[in-house]
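Analysis of the macromolecular model
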Amino acid sequence: MIKARMIKTNPTFSVRKLVRQLGSAVLIAGLAFTAQAADTIKIGAVAPKTGPLAGGATVTQWPNVQLWVEEVNARGGLKLKDGQRMIELIEYDDKTNPGEHIKAVQRLATQDKVDFIIAPYGTGFNVAAAPIYAKYGYPQIAVSAITDKMDELTARYPGLFFTLGTTTSFVNGVKDILVDMRESGKIGNKVAMVNVADAFGIELAEAARPIFTDAGFELVYDNSYPLGTPDLSPIIKGAKDAAPDAFVAWSYPPDTFGLTEQAIIEDLDVGAYYTAVATCFPAFAGKFGSKIDGVLGAGGVNPDTDKMKDYFAKHKEITGKDADGWASANTYVSMQILEQAIEGVGEVDREKVTQYIKDNAFDTIMGEISFENQVSNKFWTVGQWQDGVYRGVASSNMEGAAEIKQKSGWN
Amino acid sequence: MNAASVKNLSIAIVCIVLAALIPFVFNGYWLSIALTAMMYIALSTSWALFSGPTHYISLASGAFFGIGGYLVATGMSDYNLSFWLMMAIAAVVATVLAALIGMATLRLSGVYFVIFTLGLAEMIRNLVSWVQNNFLGSRGLYVLTDFTEAHIYWMLLTVSVIVFALGWVISQSRLGFAMRIIGNDETVARHVGINTAKAKVLLFMTTGFFAAIVGAIIAPRYSYIEPNLVFSPELSFLVVIMALLGGMHRLWGPLLGVIPFTLIWEAISIWLPNFTTLFLGLTFLIIVYFLPNGVVGLLEKLRARVAT
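Cut-off values and rules
Residues numbered from 1 in each chain as written. Chains lettered and ligands numbered in written order. Predicted model: local features only at pLDDT ≥ 70, side-chain atom pairs only at ≥ 80, totals over all residues. Heavy atoms only, no water. Helix = DSSP H or I, 4+ residues; strand = E, 2+ residues; numbered from the N terminus. Contact = heavy atoms within 4.5 Å. Lys, Arg positive; Asp, Glu negative; His and termini not counted. Charge placed at Lys NZ, Arg CZ, Asp CG, Glu CD. Rg over C-alpha atoms; globule rule 2.2 N^0.38 Å. Areas by Shrake-Rupley, 256 points an atom, 1.4 Å probe, with all protein chains shown as cover. Domains from an automatic or database assignment. Buried area = accessible area lost by both parts, 1.4 Å probe. Buried < 20%, exposed > 50% of the residue type's maximum accessible area, 1.4 Å probe, protein only. Polar contact = N/O pair within 3.5 Å; in protein donor to acceptor, adjacent residues only side chain to side chain. Axes fitted to C-alpha atoms, helices over the stretch in contact; angles between N-to-C directions. Parallel < 35°, antiparallel > 145°, perpendicular 65-115°, else oblique. Left-handed = near helix turned anticlockwise from the far one by under 90°. Nonpolar A, V, L, I, M, F, W, Y, C, P; charged D, E, K, R; others polar. Salt bridge = Lys/Arg side-chain N within 4 Å of Asp/Glu carboxyl O. Phe/Tyr/Trp six-rings, centres within 6.5 Å; stacked < 30°, edge-to-face > 60°. Pairing = 2+ DSSP bridges.

Section: the overall build of chain A
Each helix and strand counted, chain A has 15 helices and 15 strands in total. Taken along the three principal axes of its C-alpha coordinates, chain A extends 90 × 50 × 40 Å. Sequence-distant contacts, at least 24 apart, represent 66% of the contacts inside chain A between residues at least 6 apart. With 40 positive and 50 negative side-chain charges, chain A shows a spacing of 12 Å between the two charge centroids.

In structure tokens:
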């Protein structure tokens, strides 16, 4: 519009002049672009925005990527030896498909030529992407990846780091809580256990059976349901008929909500009620309100430290969403580690940064984190909703665990 | 061998050699796209071996592909068996399963078959989860090998070449002739004494066999196998759409569907990430309204027009 008017009213308009002006404009834009390109550090991120894992990734992964990049850029970028560099973020959706994920990481590495990549969301995606990260030497600080194969994987991929614990540590966290509650007389000996019949659910249930029995618990109900089962009332009714003292569900996000809804309807009366993934999501409390007071879930957080309070406030302010009560913080921590390692090395040298991560301790919102054989042993295993706040109650080497409360009714 | 077939054979050999050289020329990103395309070339072409002449739309690719990936993962992860042995077992299992499904459904008319195959991947996924949950247990299925993308690409290329060779052999054989008659009019085929059920089941078994092999080869690329990722209904639809887009009445038809489709799919994933499903739907409409015989049909029509 503006251009057209200019042409009409400008009596000295000539094609040659226009071309010259256009030419210099392009030249300036080009110069500006190259100048900018040299001043940025390119960070890539691939995670689901669509598909089955998108629900989890849009709570735990993506908001933290956004938060971290905005914070770093707000203070002028990453400090390197030759000056500060702003982060240029390149993100792709893997559609919750390993093939698409691999292609996207290849694209980041060879087409976009990013300097670093934020590790994927989900165990399967971290394992599937590990060979490409290794091939191009990217450090991979995995968060949402829980496995008992850490030794084999870290030996195979020297740039792969784990931060969220093993399957066994997870089950042991729940066992410790139940033993604690039994010893303090809050619950009895009978446990009802259910699991989603899918990879991670089966794995946890299988690990739990011997651990619970060895701890002297009686499994009065042990059942499973297929992934995506819409009606979970038979499961809760079955558990209720077995009259357990504690209910443990190795569940995924949709069934964590579904089981709890049925437990409220059926008034499942247990002293300890545990559901696994997504219990710590803000939406869980949003849906059930005060009814879920005392519900136990996978992972946790200590919301009372100044650093965590600050983190929660900033997360809300910048992304407009509440962080979850578990892996949100770990995800943010993984980027803090990357940031401190890059600044510590002072240059974009992936090999040196990987070595730096192995050799140093990092000051994060979850306290000091360091790696032993590429694995961090500081993480929360169990949390509990207490008066509207999700608090960690069991952990590996974390401070500030809250006192466990007995579940009393669904009010 | 006449002059025409010598010419065709030389073209084929040149294409194979060029395709085999891709990992040396391209690395990283373009190789991973070529790998994806090669996977769909093997799947779509073997799919068209059966669905081309018979016009039975099979949506079972995802099921057979999943069997391949899942069995390789279970065997390697839980029982320390070799990749090659598990690939062979997966191929046999899928072929037997295809025979059973074929015998149960291919005697009926087309629509029952389509509906059955649509549910098959989901059924097998649930069955697998049930067995794993109740009998085998799981510690996560890891397929950790030293295969690089280039190795996987060459394996897929080998499978594709075998599919093409087999397709050519079938087209020259009595079975191929029988299939063309069945496709044109099944009643006539029966009247002239063709055992139509047997012919259909045989070809359906070959698609099951190849889809399982492809699934097995892809498993090391995924590295970590979850049933709900390998038994993907989306895969079944993509295979059908790419084959239809290319055209099914020529052996090399699906090839001309897979290559443009994969490239456009990739471009959309980068620039319009939320529009891949829309693109899938549009492709379907284009096939139905403008390309009933696929890209091959269009090319043949254009050539005929130029000739006259």
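What about the overall build of chain B?
When helices and strands are tallied, chain B shows 14 helices and 2 strands. The C-alpha radius of gyration of chain B comes to 20 Å, within 12% of the 19 Å expected for a compact globule of 308 residues. Projected onto its principal axes, the C-alpha coordinates of chain B cover approximately 65 × 50 × 45 Å. Within chain B, contacts between residues separated by at least 24 positions form 79% of all contacts whose residues are at least 6 apart in sequence. Carbon and sulfur atoms make up 72% of the accessible area of chain B, which totals about 14,400 Å². Within chain B, the 10 negative side-chain charges are centred at a point lying 16 Å from the centre of the 14 positive side-chain charges.

Let's talk about the domain arrangement of chain A
All names here are of chain A. The domain architecture assigned to chain A consists of domain 1 (40-166 + 304-380) and domain 2 (167-303 + 381-396). Taking only C-alpha atoms into account, the centre of domain 1 sits 29 Å from that of domain 2. Between domain 1 and domain 2, the contact holds 23 residues from the first and 24 residues from the second. Of the roughly 1,900 Å² buried at the junction of domain 1 and domain 2 (both faces included), carbon and sulfur atoms supply 59%. When residues of domain 1 are sorted by the area they lose upon contact with domain 2, Asp304, Trp326 and Trp380 head the list and together hold 37% of the total.

Here we look at the side chain of threonine 105 of chain B
All names here are of chain B. Summarising the element assignment, threonine 105 is placed in helix 4 (residues 83-105). Judged by its relative accessible area of 5%, threonine 105 falls in the buried class. Looking at threonine 105, its side chain comes within polar contact range of the main-chain oxygen of isoleucine 101, at 2.7 Å. What threonine 105 contacts, discounting residues up to four positions off in sequence, is Phe113 and Phe116.

Concerning the packing of helix 5 (residues 98-111) of chain A against helix 6 (residues 123-136) of chain A
Each pair of packed helices gets described by two things: the angle between the helix axes and the distance between those axes. Residues and elements named next belong to chain A. Where helix 5 meets helix 6, the closest approach of the two axes is 10 Å, and the angle between their N-to-C directions is 25 degrees. Relative to helix 6, helix 5 is oriented roughly parallel. The handedness of the crossing between helix 5 and helix 6 comes out as right-handed. Contacts between helix 5 and helix 6 involve Pro98, His101, Ile102, Val105, Gln106, Ala109 and Thr110 from the former and Phe125, Ala128, Ala129, Ile132, Tyr133 and Tyr136 from the latter. Class assignment for the residues of the contact of helix 5 with helix 6 results in 10 nonpolar, 3 polar and no charged.

A look at the interface of chain B and chain A
Taken together, the 37 residues of chain B in the interface contact 39 residues of chain A. Buried area between chain B and chain A, summed over both chains or domains, comes out near 3,300 Å², and the portion from carbon and sulfur atoms is 51%. Where chain B touches chain A, the interface holds 3 salt bridges. In this structure, arginine 156 of chain A and aspartate 146 of chain B form a salt bridge, with 3.4 Å as the shortest nitrogen-oxygen distance. Put simply, chain B and chain A have 11 residue pairs in polar contact (both at pLDDT 80 or more) between them.

Here's the deal with the pattern of salt bridges
Under the definition given, this model contains 28 salt bridges over all chains. Residues glutamate 71 of chain A and lysine 314 of chain A are paired through a salt bridge, measuring 3.4 Å at the closest nitrogen-oxygen approach. Placement of glutamate 71 of chain A in helix 4 (residues 62-74) and of lysine 314 of chain A in helix 13 (residues 306-319) is noted, with a sequence separation of 243 residues between them. Given the relative accessible area of 10%, glutamate 71 of chain A is considered buried. Using a relative accessible area of 32% as the deciding quantity, one classes lysine 314 of chain A as partly exposed. As a salt-bridge pair, lysine 352 of chain A and aspartate 349 of chain A come within 3.9 Å of each other at their nearest N and O atoms. What emerges from the salt-bridge pattern is a single network uniting Lys95, Glu100, Lys103 and Arg107 of chain A together with Glu266 of chain B.

Overview of the packing of aromatic side chains
Counted according to the given criterion, the structure contains 33 aromatic pairs over all chains. Between phenylalanine 284 of chain A and phenylalanine 288 of chain A, the ring centres sit 5.3 Å apart and the planes meet at 70 degrees, which makes this aromatic pair edge-to-face. Here phenylalanine 284 of chain A pairs with phenylalanine 288 of chain A, and both are found in helix 12 (residues 282-288), just 4 residues apart, close to one helical turn. The pair phenylalanine 284 of chain A / phenylalanine 288 of chain A is uniform in exposure class, with both members buried. Measuring from ring centre to ring centre gives 5.1 Å for phenylalanine 83 of chain B and tryptophan 84 of chain B, while their planes differ by 75 degrees; the resulting arrangement is edge-to-face.

Some remarks on the environment of glycine 173 of chain A
You can see glycine 173 of chain A is positioned in helix 8 (residues 167-183). Sequence-wise, glycine 173 of chain A and lysine 95 of chain A are 78 residues apart; in three dimensions their C-alpha atoms are separated by 32 Å.

Quick notes on the pairing of strand 3 (residues 83-93) of chain A
All names here are of chain A. The sheet contact formed by strand 1 (residues 40-47) and strand 3 spans 8 bridges and is parallel. When the sheet's bridge partners are listed, lysine 42 is paired in strand 3 with glutamate 88. Of the pairings in the sheet, the one linking strand 2 (residues 78-80) to strand 3 comprises 3 bridges and is antiparallel in character. Of the residues in strand 3, the one forming a bridge with leucine 78 is arginine 85. With antiparallel pairing between neighbouring strands as the criterion, strand 2 and strand 3 make up a hairpin whose turn holds 2 residues.

What to know about the sheet that holds strand 11 (residues 296-298) of chain A
Residues and elements named next belong to chain A. In space, the 7 strands of this open sheet follow the order 8-7-9-10-11-14-15, with mixed pairing throughout. Because the sheet does not close on itself, it has two edges, and the strands there are strand 8 (218-225) and strand 15 (389-396). Between one strand axis and the next, the sheet turns through 20 degrees on average, direction left out of account. Sheet topology note: the strand 7 (residues 190-196)/strand 9 (residues 246-250) ladder contains 5 bridges and is parallel. From the neighbouring strand, valine 194 faces strand 9, where its bridge partner is alanine 249. Against the sheet, helix 8 contacts strand 7, strand 9, strand 10 (272-275), strand 11, strand 14 (379-386) and strand 15, and its axis sits at roughly 45 degrees relative to strand 14. The sheet strands contacting helix 10 (residues 233-241) are strand 7, strand 8 and strand 9, and the helix crosses strand 8 at an angle near 170 degrees.

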